[in-house]
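# Structural characterization, general
So the chains spell out like this:
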Amino acid sequence: MSIKVTSKYPSNIALVKYWGKYGNQLPCNASLSLTLSKAFTEVELECLPKSSKAVEIEYFFEGQPNPAFGERVAKYAGAQPEFAELLNAYALQIHSHNSFPHSAGIASSASAFAAITAALYRAAHPGSELLSDRIMSHLARLGSGSACRSFYGPYALWGELEGVQDSSNEYAIQVTEIHPEFRNMKDAILIVESAPKEVSSSKGHSLMKDHPYADARFKDANRNALEMVATLKNGDFSSFISITEREALSLHTMMMTSRDYYMLIRPKTVEIIQKIFQFRKDTTLPLCFTLDAGPNVHLLYPEKIQAEVNEFLSDLAKDTESIIYDESGTGGITLNYMNGKA
Ligand code: DP6
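Residues numbered from 1 in each chain as written. Predicted model: local features only at pLDDT ≥ 70, side-chain atom pairs only at ≥ 80, totals over all residues. Heavy atoms only, no water.

### Quick look at the environment of Ser202
- Tracing the chain through its elements places Ser202 in helix α5 (residues 201-207).
- Taking the relative accessible area as the measure of exposure, Ser202 reaches 45% and is therefore partly exposed.
- Along the primary structure Ser202 and Asn169 are separated by 33 residues, whereas in three dimensions their C-alpha atoms are 18 Å apart. (Helix = DSSP H or I, 4+ residues; strand = E, 2+ residues; numbered from the N terminus. Buried < 20%, exposed > 50% of the residue type's maximum accessible area, 1.4 Å probe, protein only.)

Here's what the structure looks like:
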């Protein structure tokens, strides 16, 4: 018998950032993200006969063997009792590809670990449905924190927040009350530089451990997350802009002020941000930027102002390597299960 599973999960962009973790992948503060739709990872998992007792996972990214990521996945999967039987019975071969260029300022570990977790779960429980989103989100979080937010859309909240029912450090939840103003968001990702990051997010998280501003940052982020939940409900765009931009700058400030300081933004990043400020001032249009852990700028705006933003985007295109046009999504999945002769 051979089992083959395919799954497809979107990435997400944090509006309130997860930066700093403790224990077994628990966040030091709550984070809130916009789920994307065009940026996704597709995974094909094949279960093959095995001879040894060891965990055997071979990982191919876009057709090329990726032993380093394979090891991370093996370590993750090997630690989950959910997958123990599967790993005992089979050698796994995983092929994955992203719909977006590598290092494009889109968190690939979010979509990858969401897709890998779903595929592993399905292969481990042939014939059964996926567990609830909450349990899947919990499992995926153990692989990569940001992955736990990719199970919902258009907005997901991860981290315990006083006053928000069901919020938890263990898994993400859907942000349910969304004002029409924020239901159809666009994300134009302005690629300033597509070279791989010099410093990994894992290193960045660990630098928060003895960061001089850590406590203030975690408190501020929780306040921002709570304010963002209220903002998404009441439709106040100026509050959305203020929280989102403060959070992006706060994330990069943490990098620049850690003991082992570093800087991921580039002169072009700053130039584009200044242009966004100016354009917003001139037009009073509701749009803003955010940054991931890299130099590329995400321009966020509601779909209804697309026509007004088009010209601005063609002007920005001169400052960028390329632009990826994405939008909010539902975090849905596509999953096939095949059981029979390969
Ligand atoms: C800047 O989820 O990649 O994108 O849990 O170590 O896999 P691990 O980290 P990861 O960190 C994401 C950091 C961020 C902010 C965010 O997505 O909230």
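And the narrative resumes.
### A word on the pairing of strand β5 (residues 57-61)
- The buried fraction of β5 amounts to four of the five residues, a majority that puts the element mostly inside the structure.
- Across five bridges, the pairing between β5 and strand β7 (residues 90-98) is parallel. Following the sheet pairing, Tyr59 is matched in β7 by Ile94.
- Pairing geometry for β5 and strand β6 (residues 64-65), over two bridges, is antiparallel. Paired with Phe60 across the two strands is Pro65, which belongs to β6.
- Here β5 folds back onto β6, and the loop between the two strands holds two residues, one of which, Glu62, carries a positive phi near 50°. (Pairing = 2+ DSSP bridges.)

### A few points about the packing of helix α1 (residues 67-78) against helix α3 (residues 108-124)
- Relative to each other, α1 and α3 sit at 50°, their axes nearing to 12 Å. In terms of axis orientation, α1 runs oblique to α3. With respect to the hand of their crossing, α1 and α3 are arranged in right-handed fashion. When α1 is examined against α3, the residues Phe69, Arg72, Val73, Tyr76 and Ala77 are found in contact with a partner set consisting of Ser109, Ala112, Phe113, Ile116, Thr117 and Leu120.
- In the contact of α1 with α3, the residues fall into eight nonpolar, two polar and one charged. (Axes fitted to C-alpha atoms, helices over the stretch in contact; angles between N-to-C directions. Parallel < 35°, antiparallel > 145°, perpendicular 65-115°, else oblique. Left-handed = near helix turned anticlockwise from the far one by under 90°. Contact = heavy atoms within 4.5 Å. Nonpolar A, V, L, I, M, F, W, Y, C, P; charged D, E, K, R; others polar.)

### Here's the deal with unusual backbone geometry
- The residue after Gly153, namely Pro154, is reached through a cis peptide bond having omega 0°.
- For Pro154, the location among the structural elements is in the loop between α4 (133-141) and β8 (155-158).
- Its identity is not glycine, yet Glu62 carries a phi of approximately 50°, on the positive side.
- For Glu62, the position within the fold is in the loop between β5 and β6.
- What makes Glu62 partly exposed here is its relative accessible area of 42%.
- Positive phi is not limited to glycine here, since Asp166 has a value of about 70°.
- Tracing the sequence through the fold places Asp166 in the loop between β8 and β9 (172-174).
- A relative accessible area of 40% means that Asp166 is categorised as partly exposed.

### Focus on the domain arrangement of the chain
- Each assigned domain of the chain is listed here: domain 1 (2-176 + 329-340) and domain 2 (180-327).
- Computed over C-alpha atoms, the centres of domain 1 and domain 2 are 24 Å apart.
- Listed per partner, the contact involves 34 residues of domain 1 and 45 residues of domain 2.
- Buried area between domain 1 and domain 2, summed over both chains or domains, comes out near 3,100 Å², and the portion from carbon and sulfur atoms is 66%.
- Interface area lost by domain 1 to domain 2 is led by Leu15, Lys17 and Trp19, which between them contribute 26%.
- Here domain 1 and domain 2 share one salt bridge between them.
- Across the pair Lys38 and Glu327 runs a salt bridge, and its minimum N-O distance is 4.0 Å.
- In this structure, the connection of domain 1 to domain 2 is made through 11 residue pairs in polar contact (both at pLDDT 80 or more). (Domains from an automatic or database assignment. Buried area = accessible area lost by both parts, 1.4 Å probe. Salt bridge = Lys/Arg side-chain N within 4 Å of Asp/Glu carboxyl O. Polar contact = N/O pair within 3.5 Å; in protein donor to acceptor, adjacent residues only side chain to side chain.)

### Section: the packing of helix α6 (residues 214-234) against helix α7 (residues 237-256)
- One way to put it is that α6 packs onto α7 with a least axis distance of 10 Å and a crossing angle of 155°. Between α6 and α7, the angle falls in the class roughly antiparallel. Regarding α6 and α7, the two cross each other, and that crossing is left-handed. On α7, the residues touching Arg217, Ala221, Asn224, Glu227, Met228, Thr231 and Leu232 of α6 are Ser239, Phe240, Ile243, Thr244, Arg246, Glu247, Ser250 and Met254.

### Observations concerning helix α9 (residues 306-316)
- Val309, Phe312, Leu313 and Leu316 are the residues of α9 that are buried. End-on view of α9: buried residues confined to an arc of 105°, all on one side of the axis. Pointing more than 90 degrees away from the buried face of α9 are the exposed residues Ala307 and Glu311.
- For α9, the elements touching its buried residues are β10 (185-191), α8 (267-283), β12 (297-302) and β13 (322-327). (Arc of directions from axis to C-beta.)

### A few points about the layout of surface pockets
- What the second largest pocket holds in volume is close to 330 Å³.
- Taken together, 16 residues line the second largest pocket, and the ones lying closest to its centre are Val164, Gln165, Gln174, Thr176 and Val229.
- Looking at the lining of the second largest pocket, the elements that each hand over two or more residues are β9 and α6.
- In terms of residue count, α6 provides more of the lining of the second largest pocket than any other element does, four residues in total.
- Both domains that furnish three or more residues to the lining of the second largest pocket are identified here as domain 1 (2-176 + 329-340) and domain 2 (180-327). (1 Å grid on protein atoms, 1.4 Å probe; cavity = no way out; pocket = protein on both sides within 12 Å on 5 of 7 lines; lining within 4 Å. Points joined across faces, edges and corners; volume = space filled by probe spheres on them.)

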